[in-house]
Amino acid sequence: MTRLQGKVVLITGAAGGLGEAFARAAAREGARLVLTDLDPEGIHAYADSLDAERLILAHDVTSRAAWEETIAATRARFSALHGLVHNAGRGTPFLFSEMSDAQWRAMMAVNLDSVFIGTQVALPLLEESGPASVVNISSVAAMVCTAGMTAYCASKAGVRMLTKSLAVEFALQGLPIRVNSVHPAFTRTRMVEDILAASGDPARAEKRLARAIALKRLGEPREIAGVVIHLLSDESSFTTGAEHVIDGGLTAM
Ligand SMILES: NC(=O)c1ccc[n+]([C@@H]2O[C@H](COP(=O)([O-])OP(=O)(O)OC[C@H]3O[C@@H](n4cnc5c(N)ncnc54)[C@H](O)[C@@H]3O)[C@@H](O)[C@H]2O)c1
């Protein structure tokens, strides 16, 4: 369990769900961690169970000033950054005809602008620390759509092409930074629990979601974490600009 030994990895949105699963898996693989969230209480709740050196920060990924503080704190504590996982996100459904400008922009800010701002602010430290790896948590919503998820689908599709563009630009500039995207389908986290609860009949809603998946079940966070660890590690040193779909066969049907 040393695939990330010696590496410093920053994970946003780490207070639960996928972010917590990534933090637990990265700790098991020997990484030193910077764990951030808008509300870091959830990180403090499990942090003592991690066998890893760690820095826990309150961090709004939509704010450039907050990114500057987070990266400065990372530099001060660890003097390096080898892995950056853009995981923080929101999946609030909005009916297109009723969506306000503010709701559209808020979705873009947290899901897409955060990847632009965060990668740009982290760039000098990633370059100094290279080989480095940026992992962007997009979604199958970048490839297939669901009614009521216009802004979410557009934001996650933006992350998909931003990933490829950064990967190519960094490679052509000779920067030692790989960039890849991960595209999960419905995985059991608070985001999906909220969607199920909003339906009024969570059990029925889960069955309906599962029907869209070839494996006929939701994913578990640890099933996404394995791919993220691979992308953060030097095992994937020839992988950049690639999209990693983890969807139980949803997009194959
Ligand atoms: N669960 C799924 O089925 C699924 C599928 C595809 C993609 N995703 C993506 O995976 C990522 C993680 O989602 P999850 O399912 O674990 O959901 P989650 O709601 O459990 O976790 C999201 C985290 O992001 C944090 N966050 C929200 N806004 C923030 C901000 N402005 N600044 C910092 N942190 C903020 C939240 O506090 C929360 O802890 C998201 O980007 C989501 O779009 C999830």
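Source: prediction; values computed, not measured. (Residues numbered from 1 in each chain as written. Predicted model: local features only at pLDDT ≥ 70, side-chain atom pairs only at ≥ 80, totals over all residues. Heavy atoms only, no water.)

Trainee: Tell me what's going on with the overall build of the protein chain, and back it up with residues and numbers.
Mentor: Helix and strand counts for the protein chain come out as eight helices and seven strands. Over its C-alpha atoms the protein chain spans a radius of gyration of 17 Å, differing by no more than 12% from the 18 Å that the globule rule assigns to 253 residues. Its C-alpha atoms give the protein chain principal-axis dimensions of about 50 × 35 × 35 Å. Buried residues in the protein chain amount to 50% of all 253 residues. Considering only contacts within the protein chain whose residues lie at least 6 apart along the sequence, 71% involve residues at least 24 apart. By element, 55% of the accessible surface of the protein chain is carried by carbon and sulfur atoms, the whole surface being about 11,700 Å². Here the protein chain contributes 24 positive and 27 negative side-chain charges, whose respective centroids are spaced 6 Å apart. (Helix = DSSP H or I, 4+ residues; strand = E, 2+ residues; numbered from the N terminus. Rg over C-alpha atoms; globule rule 2.2 N^0.38 Å. Buried < 20%, exposed > 50% of the residue type's maximum accessible area, 1.4 Å probe, protein only. Contact = heavy atoms within 4.5 Å. Areas by Shrake-Rupley, 256 points an atom, 1.4 Å probe, with all protein chains shown as cover. Lys, Arg positive; Asp, Glu negative; His and termini not counted. Charge placed at Lys NZ, Arg CZ, Asp CG, Glu CD.)

Trainee: Could you give me a rundown of the sheet that holds strand 5 (residues 132–137), with the residues and numbers involved?
Mentor: Read across the open sheet, the seven strands follow the order 3-2-1-4-5-6-7; overall the sheet is parallel. Among the strands making up the open sheet, the edge pair consists of strand 3 (54–58) and strand 7 (243–246). Between one strand and the next, the sheet's axes are offset by a mean angle of 15°, whatever the strand orientation. By the bridge criterion, four bridges tie strand 1 (residues 8–11) to strand 2 (residues 32–37) in an arrangement that is parallel. Looking at strand 2, one finds that Leu10 is bridged to Val34. (Pairing = 2+ DSSP bridges. Axes fitted to C-alpha atoms, helices over the stretch in contact; angles between N-to-C directions.)

Trainee: Give me empty space enclosed by the protein: which residues, what numbers.
Mentor: With the rule as written, the count across this model stands at one cavity of 30 Å³ or more. In this structure, the largest cavity encloses a volume near 40 Å³. Forming the boundary of the largest cavity are His86, Asn87, Ala88, Val110, Asn111, Ser114, Val115, Ile137, Lys156 and Val159. For the lining of the largest cavity, the elements supplying multiple residues, two or more each, are helix 4 (101–129) and helix 5 (150–172). (1 Å grid on protein atoms, 1.4 Å probe; cavity = no way out; pocket = protein on both sides within 12 Å on 5 of 7 lines; lining within 4 Å. Points joined across faces, edges and corners; volume = space filled by probe spheres on them.)

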